[in-house]
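Report on the structure
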Amino acid sequence: IQMLHFSRRLFSSIVGSGEARLSSILHKSFPAAEKILVHDMSNGCGSMYQVIVESVEFNGLTKVQQHKAVTAALKEEIKEMHGLTIDTKVVKK
């Protein structure tokens, strides 16, 4: 299992950072977002991320619904994570 983890991390660093991959997915899911920030809190390991999304697309949604929208966008990636911190904000039109 440790070898697989090492290989995944090595592959991730060759192809591009996990931050860039998650950011790309979020930009596709929330094209009107004014701010999308992704920070790998695990020092490049890719096991824990902080995500910040500020978008008009959250208008009318509760905080829980906003967070569910982010987790739905990252559904496949979350399977490989140990933790994810989400902060969302509604941007006024």
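Thresholds applied
- Residues numbered from 1 in each chain as written.
- Predicted model: local features only at pLDDT ≥ 70, side-chain atom pairs only at ≥ 80, totals over all residues.
- Heavy atoms only, no water.
- UniProt positions renumbered as here; feature names shortened; annotations may be inferred.
- Helix = DSSP H or I, 4+ residues; strand = E, 2+ residues; numbered from the N terminus.
- Buried < 20%, exposed > 50% of the residue type's maximum accessible area, 1.4 Å probe, protein only.
- Contact = heavy atoms within 4.5 Å.
- Areas by Shrake-Rupley, 256 points an atom, 1.4 Å probe, with all protein chains shown as cover.
- Pairing = 2+ DSSP bridges.
- Salt bridge = Lys/Arg side-chain N within 4 Å of Asp/Glu carboxyl O.
- pLDDT = per-residue confidence, 0-100.

Looking at an unreviewed UniProt entry, one finds the protein named Bola-like protein, with Pristionchus entomophagus as its source organism. Recorded under Sequence similarities (unreviewed entry), the UniProt text for the protein is reproduced unchanged: "Belongs to the BolA/IbaG family."

**Regarding the overall build of the protein**
A count of helical and extended segments in the protein gives 4 helices and 3 strands. Helices and strands appear in the protein in the N-to-C order α-α-β-β-α-α-β. Looking at the 93 residues of the protein, the share that counts as buried comes to 31%. Excluding contacts between residues fewer than 6 apart, the proportion of contacts in the protein whose partners are at least 24 apart in sequence is 54%. For the protein, the accessible surface area stands at approximately 6,100 Å², while carbon and sulfur atoms represent 57% of it.

**Focus on the pairing of strand β2 (residues 48-55)**
Regular strands have side chains that alternate between both faces of the sheet. The buried fraction of β2 is high, at 6 of 8 residues. Pairing of β2 with strand β3 (residues 83-90) involves 8 bridges; the strand directions are parallel. When the bridges of β3 are listed, methionine 48 appears paired with glycine 83.

**Observations regarding the pattern of salt bridges**
Should the charged atoms of two oppositely charged side chains come close, the side chains can pair. Applying the stated criterion across every chain, the model contains 2 salt bridges. As a salt-bridge pair, lysine 35 and glutamate 54 come within 3.9 Å of each other at their nearest N and O atoms. Taken as a pair, lysine 35 in strand β1 (residues 35-40) and glutamate 54 in strand β2 lie far apart in primary sequence, 19 residues in all. Glutamate 54 gets classed as buried once you look at its relative accessible area, which sits at 18%. Note that lysine 79 is salt-bridged to glutamate 76, the shortest N-O span being 3.2 Å. Classification of lysine 79 by relative accessible area gives exposed; the value is 57%. You can call glutamate 76 partly exposed: its relative accessible area is 45%.

**Topic: the confidence of the model for the protein**
Put simply, the protein has an average pLDDT of 85, and 83% of its residues get 70 or more. Scored below 50 in pLDDT, residues 1-16 makes 7 contacts in the model with residues more than four places away or belonging to other chains.

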